[in-house]
Amino acid sequence: MNQSPPSTSPAGLPDSRTSGHPDPAGAQPAARPQMNIVIVGHVDHGKSTLVGRLLADTGALPEGKLDKVRRECARTGKPFEYAFLLDALEDEQDQGITIDTARCFFKTAARDYIIIDAPGHIEFLKNMISGAARAEAAILMIDAKEGVRENSRRHGYILGMLGIKQVVVCVNKMDLVGYSQQVFDGIEKEYRAFLSGIGAVSPRQFVPIAALSGENLTSRSANMPWYQGASMLALLDTFPKAPDKVAQPLRMPVQAIYKFTSHGDERRIVAGRIETGTAKVGDEVVFSPSNKSASIRSIEGFNTAPRDAIGAGWSTGFTLSQEIYITRGEVMSLREHAPLVGTRFRANLIWLGRKPLVQGRDYKLKLHTAAQPVRIHKLLKVLDASELAGELAKQEVGRHDVADLILETRQPVAFDLTSDIEGTGRFVIVDGYEIAGGGIITGAVPDDQDDLRSEARLRDFSWIHGSVGIEDRAKRFGHLPALVMFVGKRGVSKERYARALERALFDHGKHAYFIDGTNVLMGVDHDLTVDATQAELVRRFGEVAHLLLTSGAILVSTTNAIGLADHSSVQALIGDTPSIAIEVDPTGRSTASCDLRIMGTESDQEVVTKVIALLRQKQVMA
Amino acid sequence: MDHLDQLEQQSVYIFREAFRHFERMCMLWSIGKDSTVLLWLARKAFFGHIPFPLVHIDTSYKLPEMIQYRDRLALEYKLTMIVGQDEATLAAGATYPATAHLAADDPRKVTRKQCCGALKSGALKATLQGTGVRRKLNLATGAYDIDADREPWHGVIVGARSDEEGSRSKERYFSPRDKNNAWDVGDQPPELWNQFKTDFAPGTHVRIHPLLDWTELNIWEYIKRESIPTVSLYYDQGDGKRYRSLGCGPCQTPIESTAKNVDDIIAELRSGKLRNIAERSGRAQDQEGRGGLEDLRRDGYM
Ligand SMILES: Nc1nc2c(ncn2[C@@H]2O[C@H](COP(=O)(O)OP(=O)(O)O)[C@@H](O)[C@H]2O)c(=O)[nH]1
């Protein structure tokens, strides 16, 4: 099997095939509990042997198969290996003889186990991870004679990182070390020390086994009376199934908004898969990070009975009672249990890319259905690929390295900690065109706009809507609301451009409104002392802007008091309303990031044309 | 949620991800039971609609029932139905059936595999890339008109299942092919937590496999549950024979079976004589030596 080409069986779901086990004809297969497991460990530590032996000892092999392979080995003078048995099973499948070995599975009295992927393929880390990501429990093999090796460590770490807490560590080939308790204890001690050293503190049980002779596999071995624990399989059977996802708070990442008008279908459907929880018709739901809210009008489906509630696991769709603009990547939840929202989070990550993950560069984050530019905010710890031992002063994350780091997205995203909700707590990172890393979120990290964002969230969730919806206004005005901010030093013609823009938009029939910072300063800010904090000035400006924007206007502002540095704070208060920051800089020396930079020498017309192009680009207007 | 629900929901998710990420996406419809289930799942995913074209590669040797069934469903569901064909090879008579009468050492003789290579792989490649003629069903007249659209499709939905044979059990849900349609079995992207490979260099295209986790039995159980219409060739019409999978007439032999309806087939697969016999054993081209299918597959044949 170790010679076979790298591959992964692509199953994402348990498979209920029972074709090898007779059923009464026509009867539904009994719903036996199932568990996906993965078998990992360093090459030659006995993974294939374990699988072969398990299949044989639990009666999962086709009749006569084992004998046939043994005879074939005897005939050709090769010592028998269980790996040959697995090869033979795969060959048969290639030749189309049996169909029930596409993925190995075996049964105990307690349940069915599906072994994800064949051991030989695990040698390739990408396959190991793809397989382990679907597993509910794992068996990690360590050769008693060879001891802890590179992949023993790496695989152990990855299991922890993928959130697989149910792991049996098998110290295999105990026959080769005279069934010595000392050797077993030594390996257990070393491996536990390694795990705690890298902060992987998941409960793990150790079993001394001899896979080849089937000792301590399905029953206790007489050769190791010092071992008081259960056999490997008995331990596996004690692992509980994952908690019911329906009981967790509602999370549905928005996958798409569909409106298939071509055949006269007027439904506007918010589609996605419910990761956790339940949604019911009439529920008041909120979408993060935009903070929009609506109530569920209907649950849609094709060729299904109408339903008024739907739970975790379903790829479904809803129509809403209010027409709200939401986009893919938002997370639908109930108001009381909304996900976290921010631009920074702490994560554990494994890197698979050919090129290292480096600081100061943008990558693409894919987290549930959201996709966002992301970069390293801070590298806390990098564990080296080969040793995973000490903390190395690495400035980048190399291939097969694992890291503890803080990531920063360009725009806020909705997420959860993996320990709370897996579906919205893990992500991949794309470098170029390739998925180059995967990780889990371990903590939320505040950014500078956190307080403002919380303020906006509370405000939006409690917002009292009038009888005219945002979509009604958009239809009437022919555009969505947007903020166009002219910033720059005093006396650089900001005001002139802002006026020209307001006029031009208005003359085109748009609902445009000019606001000078002074108007806010002299009124809303009247109570503030001269040395009021900049933060409070920005907050008030942002709230005023937000009010005007909810009336559907394209707001054109010009202000000396608020600069480019404050743009993200203002944005935090106006949510997902598009904004355009234009810096007027006659010196031509500014390098701060903005949507448009002008010198102040351009004609009004030129600037107006450019801004309108930007508004179109942001889909504010057609 | 039962097992069929789980399979269905995962397939629907994959469909929606694919539709989201490919502006130019199509679905291969072989008319067989798998791709017809696929068609049904597309309607599940898009709430009754099928917002992309269906492509059928017609080798001209398909059984007539298949073509009738295709056109009936296409008109009923108002599908954007595209048919591609290797017209040059057919005109030249360079096919297995057309040369079957020739002596074994005749240089003009075409093997089954070569025939598949041209009429299926080649025609598929040309149709997807737009270098071959595409004919589109005119929903008003029921005729096939030459399609002006020759833009390549980059995302191709395919009804492959991993239990069909070894080479397919190595597949991923989203499987990139390079410019030559080649499939690099050894170096496939990781597929983590339903995050699929959805970013591509220009020129590559991707096969998407929503049915990967389904078994033959699951397919029939689902056909029954959803009452999906299927071609009559799958059922014994009284002569004790039926087709287990559908391909070209000359290379496809019916199996001995008296299964007359979906229930009979399910019983046969669960506990009857088909229990341990793989589905494709009735297809002659698969028997032309080991690894043949993987070769064809690398080459773009489904
Ligand atoms: N003595 C002994 N040899 C074993 C045992 N388990 C596996 N082996 C041998 O170790 C070698 C590697 O085993 P294999 O299962 O192929 O390892 P894998 O690479 O992890 O799949 C083979 O020669 C096996 O026969 C065991 O319990 N005792």
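Residues numbered from 1 in each chain as written. Chains lettered and ligands numbered in written order. Predicted model: local features only at pLDDT ≥ 70, side-chain atom pairs only at ≥ 80, totals over all residues. Heavy atoms only, no water.

1. Notes on the overall build of chain B
Move 1: Of the regular secondary structure elements, chain B holds nine helices and 10 strands.
Move 2: Taken across its 302 residues, chain B has 62% of its residues classed as buried.
Move 3: Partitioning the intrachain contacts of chain B with sequence separation of at least 6 by distance along the chain shows that 71% fall at a separation of at least 24.
Move 4: Of the roughly 10700 Å² of accessible surface on chain B, a fraction of 51% belongs to carbon and sulfur atoms. (Helix = DSSP H or I, 4+ residues; strand = E, 2+ residues; numbered from the N terminus. Buried < 20%, exposed > 50% of the residue type's maximum accessible area, 1.4 Å probe, protein only. Contact = heavy atoms within 4.5 Å. Areas by Shrake-Rupley, 256 points an atom, 1.4 Å probe, with all protein chains shown as cover.)

2. Some thoughts on the environment of Arg70 of chain B
Residues and elements named next belong to chain B.
Move 1: Relative to the helices and strands, Arg70 is located in helix 3 (residues 64-76).
Move 2: For Arg70, a relative accessible area of 4% gives the class buried.
Move 3: For Arg70 and Gly238, which are 168 residues apart along the polypeptide, the C-alpha to C-alpha distance reads 24 Å.
Move 4: Setting aside chain neighbours within four positions, we find Arg70 in contact with Trp29, Ile31, His56, Asp58, Met81, Val83 and Tyr144.
Move 5: Among the polar contacts made by the side chain of Arg70, one reaches the side chain of Asp71 at a distance of 3.0 Å. (Polar contact = N/O pair within 3.5 Å; in protein donor to acceptor, adjacent residues only side chain to side chain.)

3. Some words on the nonpolar core
When a protein is soluble and globular, its nonpolar side chains tend to lie buried together.
Move 1: Counting 77 residues, the largest nonpolar core has Leu50, Leu159, Met232 and Leu236 of chain A as its most contacted members.
Move 2: For this core, the element with the most residues is strand 4 (residues 137-143) of chain A, which contributes six residues.
Move 3: Those residues in contact with Leu236 of chain A, other than ones at most four positions away along the chain, are Ile37, Phe106, Arg111, Tyr113, Ile139 and Val168 of chain A.
Move 4: Formed by 67 residues, the second largest nonpolar core is a distinct cluster that contains Phe302 of chain A together with Phe15, Leu54 and Val262 of chain B. (Core = buried A, V, L, I, M, F, W, Y, C linked by side-chain atoms within 4.5 Å.)

4. Concerning the side chain of Thr49 of chain A
Move 1: In this fold, Thr49 of chain A is placed in helix 1 (residues 47-57).
Move 2: Sequence-distant contacts of Thr49 of chain A, that is, excluding residues within four places in its chain, are made with Tyr82, Ala211 and Leu212 of chain A.

5. Digging into the sheet that holds strand 8 (residues 205-208) of chain B
Residue and element names in this part refer to chain B.
Move 1: Taking strand neighbours across the sheet as the criterion, the eight strands line up as 5-4-3-2-1-6-8-7 in an open arrangement whose pairing is mixed. The open sheet terminates on both sides in strands that have one partner only, identified here as strand 5 (144-146) and strand 7 (174-177). Along the sheet, successive strands turn relative to each other by an average axial angle of 30 degrees, direction set aside.
Move 2: Relative to strand 4 (residues 134-137), strand 3 (residues 81-84) runs antiparallel, the two being bridged by three bridges. Residue pairing for strand 4: Ile82 is matched across the bridge by Lys136.
Move 3: Where helix 3 meets the sheet, its contacts fall on strand 2 (54-57), strand 3, strand 4 and strand 5, and the angle it forms with strand 3 comes to roughly 150 degrees. (Pairing = 2+ DSSP bridges. Axes fitted to C-alpha atoms, helices over the stretch in contact; angles between N-to-C directions.)

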